[in-house]
Amino acid sequence: MGAQVYPELATWSGCDLTMNDSKLGVDVVIRPMHTDDIDSVVAIELQAFTSPWKAETFLGLIGRDGAELWVIEHSRVGVIAYGVLWCLLDQGELANMAVAPEFLGQGLAVELLNHLLEVASNQGVESIYLEVRESNERAADLYLGFGFEEIGRRESYYDFPKEDARVMRIEL
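What you see is a predicted model, and the numbers here were worked out from it, not measured in a lab.

Enquirer: Mind showing me how you'd approach the confidence of the model for the chain here?
Expert: Any residue range with low pLDDT should be treated as having predicted coordinates unsuitable for detailed reading. Overall, the prediction assigns the chain a mean pLDDT of 86, with 85% of residues at 70 or greater. For the chain, strand β1 (residues 3-5) is the element with the lowest average pLDDT, namely 30, and strand β6 (residues 91-99) is the one with the highest, namely 98. Counted against residues more than four places away or in other chains, residues 1-25, with its pLDDT under 50, gives 39 contacts.

Structure representation (structure tokens):
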């Protein structure tokens, strides 16, 4: 496939953030999460969520059937985003996804979500569900832009602060 340059990524601190599927010259890659990534993933998790997952949660999911854990890694910075997807038969759930705050707005969530949807489709998943905080308009807009539809709400689903969740679904 060769290198694909994503202009929205190229603005970070003057670095050339290039998505490249070859083994040479890789600056940014999407790859499966490894145990060595957990500290970086948890650091992002702590900044992104008020009820963060613990390191043990991620460790327990790596290698587990039906759990897809992926990271975006920059060769000079390290892990800068991650996503967790459950795949069970023809259904999936986007359980967790975050981008390091200093990299928000650079298209990483778009790339990661696109990859996760492709992984799900390749595993025979036909529909994916997720919950998102009612106040998280940035994430909700991302999901709506991909074709997710709001199908319901879960009252008081989130803590710290107590908040409803928007339930969304996409048919692949």
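Enquirer: Which parts of the structure should I look at to understand the packing of helix α3 (residues 108-122) against helix α4 (residues 137-146)?
Expert: The relative placement of two packed helices comes down to the angle between their axes together with the axis-to-axis distance. For the pair α3 and α4, interaxial distance at closest approach is 11 Å and the crossing angle is 50°. Of the possible angle classes, the one that applies to α3 and α4 is oblique. With respect to the hand of their crossing, α3 and α4 are arranged in right-handed fashion. Contacts from A109, V110, L113, N114 and L117 of α3 reach α4 at L142, Y143 and F146. Class assignment for the residues of the contact of α3 with α4 results in seven nonpolar, one polar and no charged.

Enquirer: What should I look at first to understand the environment of V41 in this one?
Expert: Along the chain, the position of V41 falls in helix α1 (residues 38-48). Separated by 58 residues in the primary sequence, V41 and V99 have C-alpha atoms spaced 9.4 Å apart. The contact partners of V41, leaving out residues within four places of it in the chain, are M33, F58, V71, V79 and Y82.

Enquirer: Can you help me understand the layout of surface pockets in this one?
Expert: A water-sized probe, rolled over the atoms, reveals where empty space remains. By volume, the largest pocket amounts to about 1,000 Å³. If you go around the largest pocket, you meet 38 residues; those closest to its centre are F49, M97, N136, A139 and Y143. Of all the elements in the fold, those that place two or more residues in the lining of the largest pocket are α1, β6, α3, β7 (127-133), α4 and β8 (149-158). Ranked by the residues each element gives to the lining of the largest pocket, the list is headed by β6, at seven residues.

Conventions we followed
- Residues numbered from 1 in each chain as written.
- Predicted model: local features only at pLDDT ≥ 70, side-chain atom pairs only at ≥ 80, totals over all residues.
- Heavy atoms only, no water.
- pLDDT = per-residue confidence, 0-100.
- Helix = DSSP H or I, 4+ residues; strand = E, 2+ residues; numbered from the N terminus.
- Contact = heavy atoms within 4.5 Å.
- Axes fitted to C-alpha atoms, helices over the stretch in contact; angles between N-to-C directions.
- Parallel < 35°, antiparallel > 145°, perpendicular 65-115°, else oblique.
- Left-handed = near helix turned anticlockwise from the far one by under 90°.
- Nonpolar A, V, L, I, M, F, W, Y, C, P; charged D, E, K, R; others polar.
- 1 Å grid on protein atoms, 1.4 Å probe; cavity = no way out; pocket = protein on both sides within 12 Å on 5 of 7 lines; lining within 4 Å.
- Points joined across faces, edges and corners; volume = space filled by probe spheres on them.

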